[in-house]
Amino acid sequence: MFPSHRPRRLRRTPALRRLVAETEVRPRQLVLPMFVKEGATEPVPIASMPGVVQHTRDTLRKAAVEAVQAGVGGIMLFGVPLKRDATGSGGIDPEGVLNLALRDLRAELGDDTVLMSDLCLDEFTDHGHCGVLDGNGGVDNDATLAVYADMALAQADAGAQYLGPSGMMDGQVGVIREALDAAGHIDTGILAYSAKFASAFFGPFREAVESQLTGDRMSYQQDPANVREALREVSLDLTEGADLVMVKPALAYLDVIRAVREVADVPVAAYQVSGEYAMVEAAAANGWLDRRRTVLETLTSIRRAGADVILTYWATEAAGWLRES
Ligand code: PBG
């Protein structure tokens, strides 16, 4: 052994490790996804996501304030309506649950956080697809874009500061950007779900939003095998005016996050999805993993891969831990 080559010299004490750590996770980089359920009078637990609930409009406000006080950087809101139809009209209705709750949160929080809204039809359609259907049961890309444009305006009017189109329709960012600009919403931003994969890790989310889907989303979400295609999606979204781009899920796609980070000149977000949450919670509940250490390790790895922003259901709790550190 060459005597001076001793990497362990940099690991000897906590102070040394603190001094030389390459990657940090800060509360401000975390975004909390939240669910609000129409007509709920009590928060409804989501069995496959222990600790996560479908909020009432009232408990949503309180939990959002708590998240902001803990230091999280933003909130991403999903709505769970009571009634669904073929075109997802509840997503456009200003009185729809998502738009009402956006108004509540904006009134409560003002500019204290970054209020984001999921822009997709799957929670609002009776068939559970992210768009409207054509005559053959397929998802009609361009007819869906027209609905997304209306949904974007409804969400911007309701006070959302960033819109998160998550339906993977071609051209969605451009159509939404044009609609926002034409209506004078030039400051409303777009967090583009650029590389969203057809993932088994979304399983628990389908319970969270009471999804009516029976088939799959392989004709619009990406094949998990493809990274070049993810870069193509990112470059199209940037051309169309995306303010941030996102990779989703996170942990099984760290290489995609890294590849996107290297080409994108905007902040890169990663979504640590419901299945990633459920996996760790289940193992921790069995005593098989140290919950806190595992959560922080996953967040660190997503940051190390290159994500600037992480959407995670642990945002509030992790922010609390990280403030102590
Ligand atoms: C679609 C949407 C999904 C998620 C976020 N937005 C589900 C899907 O594409 O099936 C998944 C989030 C998660 O699993 O945590 N509106």
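Heads up: the structure comes first, above all this text.
For clarity, every value in this text was computed on a predicted model and none was experimentally measured.

### Focus on the side chain of D104
Mapping D104 onto the fold places it in helix 3 (residues 97-109). In this structure, D104 is in contact with R57 and R61, ignoring residues within four places of it in sequence.

### A short note on a nonpolar patch on the surface
A cluster of nonpolar side chains, namely L10, L19 and V20, defines an oily patch on the protein surface of about 290 Å² accessible area. Note that L19 resides in helix 1 (residues 14-20).

### Let's talk about the site of the ligand
What surrounds the ligand is a group of 17 residues, the closest being D122, R206, K248, S274 and Y313. One of the side-chain nitrogen or oxygen atoms of D118 is found 3.2 Å away from a nitrogen atom of the ligand. In this structure, an oxygen atom belonging to the ligand sits 2.6 Å away from a side-chain N or O atom of Y313. The fraction of the free accessible surface of the ligand (410 Å²) that becomes covered by protein chains is 100%. Here the residues of the shell around the ligand sort into seven nonpolar, three polar and seven charged.

Analysis parameters
- Residues numbered from 1 in each chain as written.
- Predicted model: local features only at pLDDT ≥ 70, side-chain atom pairs only at ≥ 80, totals over all residues.
- Heavy atoms only, no water.
- Helix = DSSP H or I, 4+ residues; strand = E, 2+ residues; numbered from the N terminus.
- Contact = heavy atoms within 4.5 Å.
- Patch = residues over 30% accessible without salt bridge, like charges linked within 9 Å, V, L, I, M, F, W, Y side chains within 5 Å.
- Areas by Shrake-Rupley, 256 points an atom, 1.4 Å probe, with all protein chains shown as cover.
- Salt bridge = Lys/Arg side-chain N within 4 Å of Asp/Glu carboxyl O.
- Near = heavy atom within 4 Å.
- Polar contact = N/O pair within 3.5 Å; in protein donor to acceptor, adjacent residues only side chain to side chain.
- Nonpolar A, V, L, I, M, F, W, Y, C, P; charged D, E, K, R; others polar.

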